[in-house]
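Coordinate inspection notes
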Amino acid sequence: MKKYFFKGIVSHRRVKSKKHGFDYPYRSIFLENIYDFQEKKVNHIKSSLFNFSFLKNDHSKEIFNAFHEFIKENNISIENLKINLLKTPDFSFLKTFNPVCFWFLKKNEHSLMMVAEVTNTFHEKQIYYVHDSLNILDGKKWIPIQKKMYVSPFADKQGLYQFKISAEPLDIKINEFDPNGELEILSHLSGQKINFSWQNKLLIYFSIFINSSLVLARIHLQALFLWLKKVKVFAHNGKGYVD
């Protein structure tokens, strides 16, 4: 298992009704080869400076089971197979909020499946399994997935996502359509993996901590801007999942 610093940019553009957009720096950790398929267990994840937690109290078991089911259904050999994860970990003194974590199933360094683990501010979770049968996810094709959960008071909980994924370098584009099929929101995450060294480690951890601390504040700030622009509001009503 290898750990990298991920330095990227997340952008968000609302193209329907009132126009709105933002770009924020994204700082996180990219874990490579986190799972041992022979032993069917997670490889040990540790930090020499901070007590990080990546897979505590989440849906990792369900995701690993889904990977195994995909491998079995498609008769994929476990040779040269690995799982990578892009996720901001919990610190010992701070539970981070990840609006989305990305998991990648790779064979011979080619991505076969991406999992988007989405969490809204009501702490509801929805997992989206993105693949094109056994075709490589190379950033050339849009893959549609039905939207199943409320993620914003300014978008219906029903609709459609389209994903376009390139793993090396990491580039994820997500188009969101409303229930009538109209393109509503464009999201884009891109960035690079950077090796840890003793010279940069403390600075990296500090930048991840600052980035994590600002996530919810940024979400609420952008919500305020949309409210001031009088963008239509969709109530949560105590249930964020599509029936």
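In what follows, the accompanying structure is described.

About the criteria used
Residues numbered from 1 in each chain as written. Predicted model: local features only at pLDDT ≥ 70, side-chain atom pairs only at ≥ 80, totals over all residues. Heavy atoms only, no water. Phe/Tyr/Trp six-rings, centres within 6.5 Å; stacked < 30°, edge-to-face > 60°. Buried < 20%, exposed > 50% of the residue type's maximum accessible area, 1.4 Å probe, protein only. Pairing = 2+ DSSP bridges. Helix = DSSP H or I, 4+ residues; strand = E, 2+ residues; numbered from the N terminus. Axes fitted to C-alpha atoms, helices over the stretch in contact; angles between N-to-C directions. Core = buried A, V, L, I, M, F, W, Y, C linked by side-chain atoms within 4.5 Å. Contact = heavy atoms within 4.5 Å. Expected span 1.5 Å × (residues − 1). Bend = angle between axes of the 7 residues up to and from the residue. Salt bridge = Lys/Arg side-chain N within 4 Å of Asp/Glu carboxyl O.

**What about the packing of aromatic side chains?**
In total, this model carries 10 aromatic pairs according to the counting rule given. Arranged with centres 5.1 Å apart and planes meeting at 40°, the rings of Phe22 and Tyr24 form a pair that is tilted. Each member of the pair Phe22 and Tyr24 is classed as buried. An aromatic cluster is built from Tyr35, Phe37, Phe64 and Trp103, whose rings are joined through pairwise contacts.

**Some thoughts on the sheet that holds strand 7 (residues 110-119)**
Here we have 10 strands laid out as an open sheet, ordered 8-7-6-5-2-1-12-11-10-9, and antiparallel in their pairing. Two strands close off the open sheet at either side, each with one partner strand: strand 8 (125-131) and strand 9 (143-147). Put simply, the sheet's adjacent strands are angled 20° from each other on average, direction ignored. As paired elements, strand 9 and strand 10 (residues 159-166) share 5 bridges and run antiparallel to each other. Within strand 10, the residue paired with Ile145 across the bridge is Tyr161.

**Section: the nonpolar core**
Within the largest apolar cluster, 27 residues are counted, with the highest numbers of intra-cluster contacts made by Ile34, Phe67, Ile83, Trp103 and Leu105. If one sorts the elements of this core by residue count, helix 1 (residues 60-73) sits on top with 5 residues. Filtering out sequence-adjacent residues up to four positions away, Ile83 remains in contact with Leu31, Glu32, Asn33, Ile34, Tyr35, Phe37, Phe64, Phe67, Trp103, Phe104 and Leu105. In terms of nonpolar packing, the next biggest core, distinct from the first, is built from 23 residues, Tyr26, Phe102, Phe104 and Leu170 among them.

**Let's talk about helix 2 (residues 201-228)**
An α-helix turns once every 3.6 residues. As a result, residues three or four positions apart point the same way. Spanning 28 residues, helix 2 covers 40 Å between terminal C-alpha atoms, matching the ideal 40 Å at 1.5 Å per step. When the local axis directions of helix 2 are compared, the greatest deviation, roughly 35°, occurs at Val215. Taken as a whole, helix 2 has its buried residues at Ile204, Tyr205, Ile208, Asn211, Ser212, Val215, Arg218, Gln222 and Leu226. Packed against the buried residues of helix 2 are strand 1 (2-14) and strand 2 (20-32). One or two steps after helix 2, the chain reaches Lys230, where phi turns positive at roughly 60°.

**Looking at the pattern of salt bridges**
Within this structure, the stated rule accounts for 13 salt bridges. Residue Glu184 pairs with Arg14 through a salt bridge whose shortest N-O separation is 3.6 Å. Note that Glu184 is positioned in strand 12 (residues 183-195) and Arg14 in strand 1, a separation of 170 residues in sequence. The class for Glu184 is buried, based on a relative accessible area of 7%. The exposure class assigned to Arg14 is buried, which follows from its relative accessible area of 6%. Between Lys106 and Glu109 there is a salt bridge, with its nearest N and O atoms 3.9 Å apart. Using a relative accessible area of 2% as the deciding quantity, one classes Lys106 as buried. It is possible to trace a salt-bridge network through shared partners that takes in Glu32, Lys82, Lys106, Glu109, Glu168 and Lys193.

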